[in-house]
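Structural features, examined
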Amino acid sequence: MAVGYCVRCLWESDFQWKARSQFIETWRYHYPEDRLAALSMVWANMKFLGCRYPAETEELVKELESKCPRISLPYKPLRKPKPLIENFTIYEIEGGDDNSTNNPVSVINESAQKSSKPISFEDLGMTDKTGFYSCAVVIDDKIIATGEGPGKKQAKRNAAENALTILRDLQPIIRVSSATQQHKTAPCLSKTDLMSKAYEKAPVISDDNIGNRMLRKMGWKGIGGIGRDGQGRAEPVLGIGTDGKLGLGCKTSEKSKVTGKSVQEALKAFIAGPEQQIKFSSELSKEDRVVVHKISQQYGLKHKSYGADNERYLVVSKS
């Protein structure tokens, strides 16, 4: 069902759509259709969902409502409506003050990504009367909100902000620590990186070693890689641990443990470097993290684990 350019939203009840239709009919010859669609949506969000908007916008909408004698709204929701989008969660940065963490476009994009929902920002063009650009937020094939601005970028931001205002009243919210956000830029060590550290400080094979003698008999001169001219592999083959009777290269390498020596070498390099934080991948097992915690404590470094289950990772900081 539609009134001119204005289309009924999927989540609107019969009563809500009827009331918004009356608002639209009252002002349909006073505003461009896309502008009126946005104003009617703001009005409905304020009335039915308790959303808040900039003071100038709220004053305009209230003035328009006062001149619509046919609209009577004794209805007020007694309980929180059902989620607008199934299995959609808002992820917000707790205590974030900078533009990157509080940017509504970033928040809604990341929330859609983590919730595995398609999202798009549809350019609705420029309105004839105001000369402002208009943008709509579409998540999971549902138009959530629209927004206007003097430029396309501002229109997109305002649309995202309006969408978040609506969704915060309808969807679950997870507050993410701002510290967790900072960890994304910290250098990350994988389990393979750590286990390879064990070879970096390995002693040089002595001349009387049987393998050394065999290679020299085949023409190796003791310099460079394997082969008569040192053209072959120079680094040792990495063995990712053994488990019981399983041999090198087994497909259960996730059960192997990192060594204290490899963790020590990684932390020494971290202390000598410029970074203030280093992250140990979620590939590490609980036992692996215990090793990192203990050695970090020995070096006077701060250490803390974040996340849950398979997403848990460990961050070490200098201060």
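Residues numbered from 1 in each chain as written. Predicted model: local features only at pLDDT ≥ 70, side-chain atom pairs only at ≥ 80, totals over all residues. Heavy atoms only, no water.

**Let's talk about the nonpolar core**
Rules: Only buried Ala, Val, Leu, Ile, Met, Phe, Trp, Tyr and Cys residues count toward a nonpolar core, and they belong to the same one when joined by side-chain atoms within 4.5 Å. Classification of residues uses two cut-offs on accessible area relative to the type maximum, computed with a 1.4 Å probe and protein chains only: under 20% is buried, over 50% is exposed, and between them is partly exposed. Only DSSP runs of H or I with at least four residues qualify as helices, and only runs of E with at least two residues qualify as strands; both kinds are numbered from the N terminus onward. The contact criterion used throughout is that any non-hydrogen atoms of two residues lie within 4.5 Å.
Judged by nonpolar contacts, the single largest core of 40 residues is most densely connected at I108, I139 and L167. Secondary-structure elements contributing two or more residues to this core are α1 (14-27), α2 (33-49), α3 (55-66), α5 (104-114), β5 (133-139), β6 (142-149) and α6 (152-168). Sequence-distant contacts of L167, that is, excluding residues within four places in its chain, are made with L84, I85, F88, I90, I108, I139 and I144. One finds V258, V263, L267 and I278 within the second-largest nonpolar core, a separate group that totals 16 residues.

**Looking at the pattern of salt bridges**
Heads up, the condition is: We count a salt bridge whenever a side-chain nitrogen from Lys or Arg sits within 4 Å of a carboxyl oxygen from Asp or Glu.
With the rule as written, the count across this model stands at eight salt bridges. A salt bridge links R52 to E58; the nearest nitrogen and oxygen atoms lie 2.8 Å apart. R52 sits in the exposed class, given a relative accessible area of 61%. Across the pair D123 and K152 runs a salt bridge, and its minimum N-O distance is 3.4 Å. Here the residue D123 occupies a position in strand β4 (residues 119-126), and K152 occupies one in helix α6, the gap between them amounting to 29 residues. When its relative accessible area of 46% is taken as the criterion, D123 is described as partly exposed.

**Here we look at the sheet that holds strand β9 (residues 277-280)**
Note the following rule: DSSP calls a pair of strands paired once it identifies at least 2 bridges connecting them. Helix axes are fitted only over the stretch in contact, all axes being lines through C-alpha atoms; the angle between N-to-C directions runs from 0 to 180 degrees.
One open sheet holds the four strands; their spatial order is β8-β9-β11-β10, and the pairing between them is mixed. Edge positions in the open sheet fall to β8 (188-189) and β10 (302-306), since each of these has one partner strand only. As paired strands, β8 and β9 are joined by two bridges and run parallel to one another. Bridge pairing links C188 to K279 in β9. Across the face of the sheet, helix α11 (residues 286-298) comes into contact with β9, β10 and β11 (313-317) while running at roughly 160 degrees to β10.

**A few points about the sheet that holds β5**
Pairing in this open sheet of three strands is antiparallel, and the strands run β4-β5-β6 from one edge to the other. Across the chains shown, the open sheet's two edge strands, defined by having one partner strand only, are β4 and β6. This sheet shows a mean twist of 20 degrees between the axes of neighbouring strands, independent of strand direction. Alignment of β5 against β6, held across seven bridges, turns out to be antiparallel. Its bridge partner being in β6, I139 is matched across the sheet by K142. Docked against the sheet, α5 engages β4 and β5, running at close to 140 degrees with respect to β4.

**Focus on the packing of aromatic side chains**
Our working rule: Stacked, tilted and edge-to-face are the three classes assigned to paired rings of Phe, Tyr and Trp, where Trp is represented by its six-membered ring and a pair needs centres within 6.5 Å; plane angles under 30 degrees give stacked, over 60 edge-to-face, the rest tilted. For a lysine, the NZ atom is tested; for an arginine, the CZ atom; a charge sits over a ring if that atom is within 6 Å of the ring centre and within 35 degrees of the ring normal.
According to the stated counting rule, one finds two aromatic pairs in the structure shown. Centroid distance F23 to W43: 5.3 Å. Interplanar angle 25 degrees. Geometry classified as stacked. With F23 in helix α1 and W43 in helix α2, the pair connects residues that are 20 residues apart, well separated along the chain. With relative accessibility at 0%, the residue F23 sits in the buried group. Geometry around Y91 places K114 over its ring, the cationic atom sitting 4.8 Å from the centre. The positively charged end of K318 is found above the aromatic ring belonging to F270, 5.0 Å away from the centroid.

**So, the environment of D34**
Position of D34 relative to the elements: it lies in helix α2. Linking D34 and M126, residues 92 residues apart in sequence, is a C-alpha distance of 9.4 Å.

**Digging into the pairing of β9**
Examined bridge by bridge, β9 and β11 share four bridges and lie antiparallel to one another. Bridge pairing in β11 links Q277 to S317.

**Some remarks on the packing of α1 against α2**
We count it as follows: Each angle receives one of four descriptions, namely roughly parallel if under 35 degrees, roughly antiparallel if over 145, roughly perpendicular if within 65 to 115, and oblique otherwise. The crossing is said to be left-handed when, going from far helix to near helix, the turn is anticlockwise and less than a right angle, and right-handed when the turn is clockwise.
It is at 10 Å that the axes of α1 and α2 come closest, and there the two elements cross at 140 degrees. In terms of axis orientation, α1 runs oblique to α2. As for how α1 packs across α2, the hand of that crossing is right-handed. Here α1 contributes F15, Q16, A19, R20, F23, I24 and W27 to the contact with α2, which in turn contributes L36, A37, L39, S40, M41, W43, A44 and F48.

**Quick word on the confidence of the model for the protein**
Close inspection of predicted coordinates is inappropriate for parts of the model with low pLDDT. For clarity, the cut-off: You can read pLDDT as the predictor saying how much it trusts each residue, on a scale of 0 to 100.
Put simply, the protein has an average pLDDT of 77, and 75% of its residues get 70 or more. Mean pLDDT across the elements of the protein bottoms out in strand β1 (residues 2-3) (48) and peaks in β5 (93). Here residues 74-78 is modelled with pLDDT under 50, and outside its nearest four sequence neighbours on either side it reaches four contacts, counting other chains as well. Contacts from residues 238-246, a stretch scored under 50 in pLDDT, to residues over four places away or in other chains number 19 contacts.

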